[in-house]
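Chain residues, written in single-letter form:
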Amino acid sequence: MCFTSKKEEFERLFQELTKNNPEEKVLYSFFKEMMKTEDIVFDEMEKEIMRLEQALIIERKRDCVSEIIDLRKRLMVLKKYYEQILNVLDIMIENENGLFDGKILKSFRMLNRRMERRFQNVLNLRESVTQVRESYEAEVDISLNMTMKIFTVVTTIFLPLTLIVGWYGMNFQMPEYDWKYGYLFVTILSVVCIFSAILFFRKKKWF
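A. Layout of the environment of Ile194. Note that Ile194 resides in helix H5 (residues 182–203). Spatially, the C-alpha atom of Ile194 lies 5.8 Å from that of Ile157, the residues being 37 residues apart in sequence. If near-sequence neighbours (up to four positions away) are discounted, Ile194 is found in contact with Ile157, Phe158 and Leu161.

B. Examining a negative patch on the surface more closely. A grouping of Asp90, Glu94, Glu96 and Glu116 is seen on the molecular surface, where their side chains present a negatively charged patch. Along the chain, Glu94 falls in helix H3 (residues 65–94).

C. Looking closely at H3. Taking 1.5 Å of rise per residue, 30 residues should cover 44 Å, and H3 covers 44 Å from first to last C-alpha, within 8% of that figure. Positive backbone phi, at 50°, marks Asn95, one or two positions downstream of H3.

D. Region of interest: the confidence of the model for the protein chain. The predicted model of the protein chain has a mean per-residue pLDDT of 77, with 80% of residues at 70 or higher. Within the protein chain, H3 carries the highest mean pLDDT (85), whereas helix H1 (residues 3–20) carries the lowest (53).

E. Spotlight on the nonpolar core. By size, the foremost hydrophobic cluster in this structure holds 30 residues, and its most contacted members are Ile68, Leu75, Tyr82, Leu89, Phe108 and Met115. Taken together, the elements giving at least two residues each to this core come down to helix H2 (23–57), H3 and helix H4 (102–168). Looking at this core, the element that brings in the most residues is H4, giving eleven residues.

Parameters at a glance
- Residues numbered from 1 in each chain as written.
- Predicted model: local features only at pLDDT ≥ 70, side-chain atom pairs only at ≥ 80, totals over all residues.
- Heavy atoms only, no water.
- Helix = DSSP H or I, 4+ residues; strand = E, 2+ residues; numbered from the N terminus.
- Contact = heavy atoms within 4.5 Å.
- Patch = residues over 30% accessible without salt bridge, like charges linked within 9 Å, V, L, I, M, F, W, Y side chains within 5 Å.
- Areas by Shrake-Rupley, 256 points an atom, 1.4 Å probe, with all protein chains shown as cover.
- Salt bridge = Lys/Arg side-chain N within 4 Å of Asp/Glu carboxyl O.
- Lys, Arg positive; Asp, Glu negative; His and termini not counted.
- Charge placed at Lys NZ, Arg CZ, Asp CG, Glu CD.
- Expected span 1.5 Å × (residues − 1).
- pLDDT = per-residue confidence, 0-100.
- Core = buried A, V, L, I, M, F, W, Y, C linked by side-chain atoms within 4.5 Å.
- Buried < 20%, exposed > 50% of the residue type's maximum accessible area, 1.4 Å probe, protein only.

Take a look at the structure:
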């Protein structure tokens, strides 16, 4: 819902409450009516966080960054919203000008406690989103570690070949050059080095 439509809804609600309630009960009734629709918002956000966590852990989803950022922004807006509401309720409960009687003040205190629980609920949801973000970062780190592990294994397997190429690439006359089976020996040695490295890493369960 956009800001303009939300503002119009608040104005309409305030006008209806002004007609149907005494002046001292208008603010209380206004806050109470506002809270009726907020339960739906919390339920939807909780379900959204659960779906995101399920997609991340079970389905191994990799593109969660935008969704996590969107959730954190919305929860930040809710946090500021409830902070402002709590500040207003604190001022009304103080009742410095004596505008409200004891019964209304009792209702405001009860409303303040309910708002505090909702504010705590927002903080809990933010903590849940933080945990989802940490899980996502852990999954990314694990994926990156697996990639680096594969590159390391491949590099290590072909390292002996690099050594052989460097050895026989030197401009020196070596005895193997005059040997009839020298080329075949180097070929077999290279193949043996590759398979030995592969068997070693398989035995260590590195891939």
